[in-house]
Amino acid sequence: IQTEKRLPAIFEELRKSDADIIAIQEATPDFLKFLLAQDWIRDYYYVSESSTGDNIQSFANLLLSRLPFTLVEHKFSIQKHVLVGSWFINNELLHVAVVHLTSNRAKNAVEKRKHQLRTVVDYLQQQSGSYCIVGDFNTINNLEDDLPSVSNFIDIWKELRPDEAGYTFNPTVNPLAELMSLEGEAARFDRILLHSQNANWIPQSVDLFACEAVANTEEKIFPSDHFGIRGVVNLTPSLRTP
């Protein structure tokens, strides 16, 4: 929907976020093409997908990073997959999994989400170091009720801003969300979850971005039907006994 107006706005919002790691969901081949044409991407970021976009059938997750990283992928289906990037930062291993779990448009959606997230958590628990799961969880319920496998994670938004709704999908504000919504309910679909092995990755801040309509659009077109979520996590010296 009005991609030619929204893509430049999305890329500008990402550029301004000044993030070390960027996770994207529902990237299309055209999205990837335009993304890789950005000077700031070519100059400063490693990207999980090649320039040919061979792994993108229709929509895909992407990971971008200022630091080089290793990558693994697990495909649940042609449409659904998870990427896990791994970094060695200040002698600490960090893994970041980007997910886009099944939405309620699909049959047996809750069961599928549980299976998808259980698969991700099982993999991460087998790795050394700390890990995050980020992206679109597609659940309106309390995450721990719908997806109990993440009960030992810190939900950064709930940790730092417990009294704020933090809706990343809001049909009452965003016309694109209204168009895509099944029930017209606002939801905090998009989250950043953290599991710090030694309690030395500390959430510092979290906020939403890309929350305003694109300038000079009479139709009040937003960059996306979801708002972005941005978190800052600081690494402190390890608390382990030498």
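Keep in mind that what you see is a predicted model, and the values were worked out from it rather than measured.

Caption draft 1: Inspection of the environment of Leu176 at higher detail. Inspection of the secondary structure assignment puts Leu176 in helix H7 (residues 175-180). Assessed through its relative accessible area of 8%, Leu176 is described here as buried. Spatially, the C-alpha atom of Leu176 lies 8.3 Å from that of His226, the residues being 50 residues apart in sequence. Look past the residues within four positions of Leu176 in its chain and what remains in contact with it is Ile1, Arg6, Phe222, Ser224 and Asp225.

Caption draft 2: A look at helix H2 (residues 29-36). Taken together, the buried positions of H2 are Phe31, Leu32, Leu35 and Leu36. The buried residues of H2 occupy an angular sector of 120° when the element is viewed end-on, so they sit on one face. Exposed residues on H2 whose side chains face more than 90 degrees from its buried face are Asp30 and Lys33. On its buried face, H2 is in contact with helix H1 (3-17), strand E1 (21-27), helix H3 (39-44), strand E2 (46-47) and strand E3 (60-65).

Caption draft 3: View of the packing of H1 against H2. Remark: H1 packs on H2, axes separated minimally by 11 Å, with the N-to-C direction vectors making an angle of 50°. Compared by their axis directions, H1 and H2 come out oblique. Helix-helix and strand crossings are classified by hand; for H1 and H2 the assignment is right-handed. Together, Leu7, Ile10 and Phe11 of H1 and Phe31, Phe34 and Leu35 of H2 make up the contact between the two elements. Among the residues making up the contact of H1 with H2, the classes are represented as six nonpolar, no polar and no charged.

Caption draft 4: Spatial organisation of the sheet that holds E1. Reading across from one edge, E1-E3-E2 is the order of the three strands in this open sheet, with antiparallel pairing throughout. With one partner strand each, in any of the chains shown, E1 and E2 form the two edges of the open sheet. Across five bridges, the pairing between E1 and E3 is antiparallel. By the bridge assignment, Ala23 is partnered in E3 with Leu63. Contacts between H2 and the sheet are confined to E1, E2 and E3, with E3 contributing the most and set at about 15° to the helix.

Caption draft 5: Region of interest: the pairing of strand E4 (residues 70-75). Inspection of the sheet shows E4 paired to strand E5 (residues 81-89) by six bridges, in the antiparallel sense. Pairing of His74 across the sheet is with Val82, part of E5. Between the antiparallel neighbours E4 and E5 lie five residues.

Caption draft 6: Up close: the side chain of Glu13. Within the secondary structure layout, Glu13 lies in helix H1. One buried charged residue, Glu13, remains without a salt bridge, the closest side chain of opposite sign being Lys16 at 4.3 Å. Excluding anything up to four places from it in sequence, Glu13 contacts Phe209 and Ala210.

Caption draft 7: Structural view of the pairing of strand E7 (residues 130-136). Along E7, seven of the seven residues are buried, which leaves the element largely enclosed by surrounding structure. Relative to E7, strand E6 (residues 92-100) is paired through seven bridges, and the arrangement is parallel. What sits directly across from Val99, in E7, is Gly135. Following the chain from E6 across helix H4 (residues 109-125) to the adjacent parallel E7, one finds a crossover that is right-handed.

Caption draft 8: Spotlight on the nonpolar core. Counting 21 residues, the largest nonpolar core has Ile22, Ile24, Phe31, Leu35, Leu62 and Leu64 as its most contacted members. If you list the elements that add at least two residues to this core, you get H1, E1, H2, H3 and E3.

Caption draft 9: Focus on the side chain of Arg6. Summarising the element assignment, Arg6 is placed in helix H1. It turns out Arg6 is buried and unbridged, and the closest side chain with the opposite charge, Asp225, is 6.3 Å from it.

Procedures and definitions
Residues numbered from 1 in each chain as written. Predicted model: local features only at pLDDT ≥ 70, side-chain atom pairs only at ≥ 80, totals over all residues. Heavy atoms only, no water. Helix = DSSP H or I, 4+ residues; strand = E, 2+ residues; numbered from the N terminus. Buried < 20%, exposed > 50% of the residue type's maximum accessible area, 1.4 Å probe, protein only. Contact = heavy atoms within 4.5 Å. Arc of directions from axis to C-beta. Axes fitted to C-alpha atoms, helices over the stretch in contact; angles between N-to-C directions. Parallel < 35°, antiparallel > 145°, perpendicular 65-115°, else oblique. Left-handed = near helix turned anticlockwise from the far one by under 90°. Nonpolar A, V, L, I, M, F, W, Y, C, P; charged D, E, K, R; others polar. Pairing = 2+ DSSP bridges. Lys, Arg positive; Asp, Glu negative; His and termini not counted. Salt bridge = Lys/Arg side-chain N within 4 Å of Asp/Glu carboxyl O. Right-handed = clockwise from strand over helix to strand, strands pointing away. Core = buried A, V, L, I, M, F, W, Y, C linked by side-chain atoms within 4.5 Å.

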